[in-house]
Amino acid sequence: MAQLLLDNISKTYRPRGKEPVQAVSRVSLEVKDGEIVALLGSSGCGKTSMLRMIAGFEDVTEGAIRIGGKEIHKLPPAQRDVAMAFEGYSLYPPLKVRENIGFALLRERGASADIEKRVRQIAELLEMTDILDRYPTVISAGQQQRTSLARALIRRAPVSLLDEPMSQLEPQLRAILRARLKDYLIEHKMTTVFVTHDQTEAIALADRIAVMEKGELQQFGTPAEIKQSPSNLFVASFIGEPPMNIFDAAIAAMGDSTAISGLGPNGQPAFHLKAPVATNNGKRVRLGIRPHLIEIGTNGSADATGRVITNHWLGDQSHICFEIGGCSVVGVTDRPIEARPGDALPVRFPLGAVHLFDAESGRALAHGLGQRGH
Amino acid sequence: MNQTSTLERIIRGVLIALVLVFFLFPIFWILLMSFQNNDQILRIPPSLFFEPTLQNYLALLTGTLKTTAGNLDIAFMRNLGNSLLLSACSVALSLLLGVPAAYAFARYKFRLGENIAFTLLSFRFAPPLLVLLPLSLYFKQLHLTDTYIGLIWVYQLICLPLILWIVRGYFEDISPDIEHAYRIAGHGWWKTFRKIAIPLARPGIAAAGLLAFIFAWNNFVFALILASAAKQPVTVGALAFVTASGIQYGQIAAAIVLSVTPTLLLALYAQRYLVEGLSLGAVKG
Amino acid sequence: MTSLELRNVSKGFKSGKVLDDVSLSVKAGEIVVVFGPSGTGKTVLLRIVAGVQYPDAGSVAIDGADVTDASPEARGIGMAFQNFALFPHFSTFDNIASPLQARGTPAAKLKDQVAAIARMLKIDHVLGHAPRELSNGQKQRTALARALVAQPKVLLLDDPLRNVDAKLRYEMRLELPRLLRTFNAAVIYVTQDYKEAMALGDHIAVLRGGRIEQWATPASVYREPVSIEVARLFGDPTINLLPCKLEMNGAGGHIGLFGRNVPVSGAYAHAAGRDLIAGLRPEHVLVMENEASDTIPFELDAVMPVNVRSVLYLRGPGGEEMLATVGETEAGKFGRGHRKVWVRFAPESLLLFDAASGQRVAPQLH
């Protein structure tokens, strides 16, 4: 409904205190009109501070925030055109769930029949029609969270801010509610910023994800970009479940080309991948590959032989952990694999799926090594 | 926000100063009085400027008070000793009884448990005079009047509920899983109580003990009625300065300063524990 | 040989019955996962085995000896708690050593044993630290070490991975089976995470409403859930549930779904005419861009990538909601959704449940 712009904003707590805390440093983000953006990071990464600055509960130490071109970061929260769902729910205890949800619409003086209709609609969306006439104190944490979410969504404000909107949901409801939420946000073209520590949720809901760590923006991109070309080791290992396999590796000349050797715990080579890499000999790097892109049990040219440590079939996918020359590697397949602990399996690392990172800075050097492809 | 801060800060400062003056002025005034003689104290209008004298303190420490009507023996130092003995013994006994009881109330749900706990607390609500009259009669019968043991016993009315309720909150705060884990590891319940529950509740026990000590120290009416001069604490002892030849304001002030100082120091030293202990016990009880 | 046996255990509180006639046996070296949503009595079950709570009826036996009334310290079991329950005023070393101290192990031997288990769990470098100085992962490993150090015959793990971050939880999920195998204990593992249950359990006991609703191997709980509720608990996204009716004609039959007749095997003949609910797992739904034979038109409302795959949010011809999972690369062609797609699924992949009782209708082979 409106574009949101964060222009080089910083947040310092206790700026004149003994130990000032730099919660957010110089972050710039542009959230397009109708776009869904996730702020993703572990606790203490500054994502909630950012959300609270947009909402107006924290001052901006430096920088500016604009909604639809208008500077808003000095306005009181009520004048900012934002709706927010709080992580702590902040429901009004003396009001019924129905009244809590409709509360914000009362201020806008809508017709009561219209409010009633919209409350019902949002309640159906979030599977809470049966609790509309109960009070916040007697419903479960998951239901309180949905009430808080409904209260923010129903306004269809120019910018909606959601703080951990689905963390308490019953797992059986999570997928379908996520789906309906996403459908609702897209249908009403709602500009949304939500905070989460759960990378699955960020990827599922967001058009673009801002990965934060230690107050700094690590990467801002679509889920696919972030998965396929992570900007550094942090982003690479934060996104994806199971996490990306990461090994120490060294680059060496092999014949007229080069090879990358994955190194075991004592620095001995565990496996070799023949690939052209334009870099100096003996350079130490970190090699990453996502578990589901490893080819397991394939016939033909294998890169290594893995000794199976565990093999779990989860109903729709297999998670296999195996060991190659002291490195422990996780692979995921869509089909069950007949292998018991101790068995040997041929393993292939498709070069197109290999990421290389700088060993010191963690910066990404290459995504996919071309040539042999997959 | 930086925009509003200057005015806000000034107003805040003024308000804080007002509150401080309101609460601290009496203490400040007493301190001044303790260095003046009666004439200086009673002059009108009162003045902040005077020749300080140590005469009041000297009189208290030596035990003789020279007045116009002659020398008067005062037992202030003895009273101070009594206060110390009574408060310390009462708190020790209360801890011995109260800590296990608090543990029981925190961990085991038994019939009438809540009622018993509340009854114990309600002693703090009742005016002391209510219990004093029947007690003084019983005490005569039991020959407990004017004995340390009798006073320590009565002081339990002050200390026990405090300790019980504060420490109980602390015990409730310890996850039962921690004790379960110790039991499952193979240790018996008594060892679990000593090695896990008591050490973990130690800040609360310390806070409750301190607070009980201060309350016992400040008690006036129990000792006034149940004890004679020889067993009386400072609070009652200060009455001795209301003499036939007039009220010795200077000595009273000095006595108050001397008697308040130990508890004040204790409270300052343990401020953090006290606030923590109180809020836990009070809110959770 | 059976190491732990619960016979007909029941337990109630003021608020109602928490465990209702639960029987369970665990062999030495076996991991039994007790799985269920929160509030189904999983933790009470563990507490009864641990001796911290006592059952109203039924008995607990360890190695054939009845311990129903024994105190916790007399049972010789190991337990790791969800909140770690470390002794905050002890060092990591003393925490781990506490079961050995209780058994009167001589100091030298105690030191060796603690060092050995700490090395195994990679916490040997923090033995001198206090629990508050440890990371969550190290706390959780310390709790595990304490449970394992005395080599108990029975090991109880109460959702031990609940409070560690996703990455660590995943690592431990891979590491635990190997670790537990070396101890040969009878393990009860409590969790609410179905993936953890399937990865770790030799058997899974699905606990609902204080009763064991299903007792089976992980693969068969997923493939043949006894009821709708069990089917809903296993699988992410949750299984799609579609009301239908079964009609027989000759050797085969069909059910009406999305306005079509879907053929089903004659082995379901005994359920003819009843109100049923068809369960269709999202990974069994095939979604296509173009119409083909046997396809049903759907509206695609949202696309949600998850890890390797994408979840598609579909609405059928009658407004029915359905979730489908497709491969990551495949999902790209659907964009942001809000378009028409065509869906197909194999009739054999349907699970049928009785609408009234919620129990699965199993095919009857003659």
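Residues numbered from 1 in each chain as written. Chains lettered and ligands numbered in written order. Predicted model: local features only at pLDDT ≥ 70, side-chain atom pairs only at ≥ 80, totals over all residues.

Along chain C, the regular secondary structure elements total 9 helices and 20 strands. Here the C-alpha coordinates of chain C stretch approximately 75 × 45 × 40 Å along the principal axes. Here chain C holds 366 residues, and the buried ones make up 46% of them. A separation of at least 24 residues holds for 65% of the contacts in chain C among residues at least 6 apart in sequence. (Helix = DSSP H or I, 4+ residues; strand = E, 2+ residues; numbered from the N terminus. Buried ≥ 20, exposed ≤ 12 C-beta atoms within 10 Å, placed from the backbone. Contact = placed C-beta atoms within 7 Å.)

Across the contact, 30 residues belong to chain A and 32 residues belong to chain C. Listed by contribution, the elements that provide at least two residues to the side of chain A that touches chain C are α5 (171-187), α6 (199-205), β16 (304-313), β17 (318-324) and β18 (327-333) of chain A. Ranked by residues supplied to the side of chain A that touches chain C, first place goes to α5 of chain A with 9 residues. When the residues that make up the side of chain A that touches chain C are grouped by side-chain class, the tally is 17 nonpolar, 8 polar and 5 charged. (Nonpolar A, V, L, I, M, F, W, Y, C, P; charged D, E, K, R; others polar.)

All right, on to the environment of leucine 323 of chain C then. As for its placement among the helices and strands, leucine 323 of chain C is situated in strand β18 (residues 321-327). Residues leucine 323 of chain C and alanine 97 of chain C lie 226 residues apart in sequence; the distance between their C-alpha atoms is 50 Å. Every residue in contact with leucine 323 of chain C, bar those within four places of it in the chain, is listed here: Ala175, Ile176 and Ala179 of chain A together with Pro237, Asn240, Pro282, Val311, Leu312 and Tyr313 of chain C.

Moving on, we come to the sheet that holds strand β14 (residues 284-289) of chain A. Residue and element names in this part refer to chain A. With respect to topology, 6 strands assemble into an open sheet ordered β13-β12-β11-β14-β20-β21, the strand pairing being antiparallel. Looking at which strands have only one partner, the edges of the open sheet turn out to be β13 (269-274) and β21 (364-367). Within this sheet the neighbouring strands show an average axis-to-axis angle of 35°, counted without direction. (Pairing = 2+ DSSP bridges. Axes fitted to C-alpha atoms, helices over the stretch in contact; angles between N-to-C directions.)

Next up on the list: the nonpolar core. Among the nonpolar cores identified, the biggest contains 269 residues, and Ala210 of chain A, Ile163 and Val167 of chain B together with Val187 of chain C are the most heavily contacted of them. The greatest single-element share of this core, amounting to 15 residues, is contributed by helix α7 (residues 148-173) of chain B. What valine 187 of chain C contacts, discounting residues up to four positions off in sequence, is Val26, Glu30, Ile31, Val32, Leu155, Leu157 and Leu180 of chain C. In terms of nonpolar packing, the next biggest core, distinct from the first, is built from 14 residues, Met33, Ile252, Ala254 and Leu258 of chain B among them. (Core = buried A, V, L, I, M, F, W, Y, C linked by C-beta atoms within 7 Å.)

Another point: the sheet that holds strand β1 (residues 2-13) of chain C. One key point about sheets: their strands pair by backbone hydrogen bonds, in either a parallel or an antiparallel sense. All names here are of chain C. Reading across from one edge, β2-β1-β4-β5 is the order of the 4 strands in this open sheet, with antiparallel pairing throughout. In this open sheet, the two edge strands, each paired with only one partner strand, are β2 (16-27) and β5 (65-66). Bridge analysis of β1 against strand β4 (residues 57-62) gives 5 bridges, and the strand direction is antiparallel. Across the sheet, residue serine 10 finds its bridge partner in β4, namely alanine 57.

As a further point, take α5 of chain A. The end-to-end C-alpha separation of α5 of chain A is 25 Å, in line with the 24 Å expected for 17 residues at 1.5 Å each. Maximal helix bending in α5 of chain A amounts to about 25°, located at leucine 177 of chain A. Within α5 of chain A, burial applies to Arg174, Ala175, Arg178, Ala179, Leu181, Lys182, Asp183, Leu185 and Ile186 of chain A. On its buried face, α5 of chain A is in contact with β3 (36-40), β8 (191-196) and α6 of chain A together with β16 (296-306), β17 (309-315) and β18 of chain C. (Expected span 1.5 Å × (residues − 1). Bend = angle between axes of the 7 residues up to and from the residue.)

Another aspect to go through is the pairing of β4 of chain C. All names here are of chain C. As paired strands, β4 and β5 are joined by 2 bridges and run antiparallel to one another. In the sheet register, alanine 61 faces β5, and the bridge partner there is aspartate 66. In sequence, β4 turns back onto β5 through a hairpin of 2 residues, with aspartate 63 there showing a positive phi of about 55°.

A word on helix α3 (residues 107-120) of chain C. Residue and element names in this part refer to chain C. The end-to-end C-alpha distance of α3 is 20 Å, a good match for the 20 Å that 14 residues give at a rise of 1.5 Å each. Of the residues making up α3, those classed as buried are Val114, Ile117 and Ala118. Looking straight down α3, one finds that the buried residues subtend no more than 100° of arc, so they occupy a single side. Residues of α3 that are exposed and angled more than 90 degrees away from the buried face: Ala108, Lys109, Asp112 and Arg119. The secondary structure elements touched by the buried residues of α3 are α2 (92-102) and α4 (136-148). (Arc of directions from axis to C-beta.)

The next thing to look at is the pairing of β13 of chain A. Residue and element names in this part refer to chain A. Pairing between strand β12 (residues 257-263) and β13: 5 bridges, direction antiparallel. Each bridged residue has a counterpart across the sheet, and for leucine 263 the counterpart in β13 is proline 269. In textbook terms, the turn of a hairpin is the stretch between consecutive antiparallel strands, and for β12 and β13 this stretch comprises 5 residues, one of which, glycine 267, has a positive phi near 90°.

Time to look at unusual backbone geometry. Proline 242 of chain A follows glutamate 241 of chain A through a cis peptide bond whose omega is -5°. Note on placement: proline 242 of chain A falls in the loop between α8 (233-238) and β11 (245-254). Between aspartate 236 of chain C and the following residue, proline 237 of chain C, the backbone shows a cis peptide bond with an omega angle of 0°. Mapping proline 237 of chain C onto the fold places it in the loop between α8 (228-233) and β11 (240-249). Its identity as a non-glycine residue notwithstanding, phenylalanine 258 of chain C has a phi of 50°, on the positive side. Here phenylalanine 258 of chain C is to be found in the loop between β12 (252-257) and β13 (260-264). Judged by the 16 C-beta atoms lying within 10 Å of it, phenylalanine 258 of chain C is partly exposed.

With that settled, consider the confidence of the model for chain B. In this model, chain B carries a mean pLDDT of 83, and residues with pLDDT of at least 70 account for 90%. In the model of chain B, helix α13 (residues 271-284) of chain B stands out as the element of lowest mean pLDDT, 56, in contrast to helix α8 (residues 176-184) of chain B, which has the highest, 94. (pLDDT = per-residue confidence, 0-100.)

Here the focus is the environment of glutamate 172 of chain B. All names here are of chain B. Position of glutamate 172 relative to the elements: it lies in helix α7. Judged by the 19 C-beta atoms lying within 10 Å of it, glutamate 172 falls in the partly exposed class. Each C-alpha atom of the pair glutamate 172 and phenylalanine 25 lies 40 Å from the other, and the pair is 147 residues apart in sequence.

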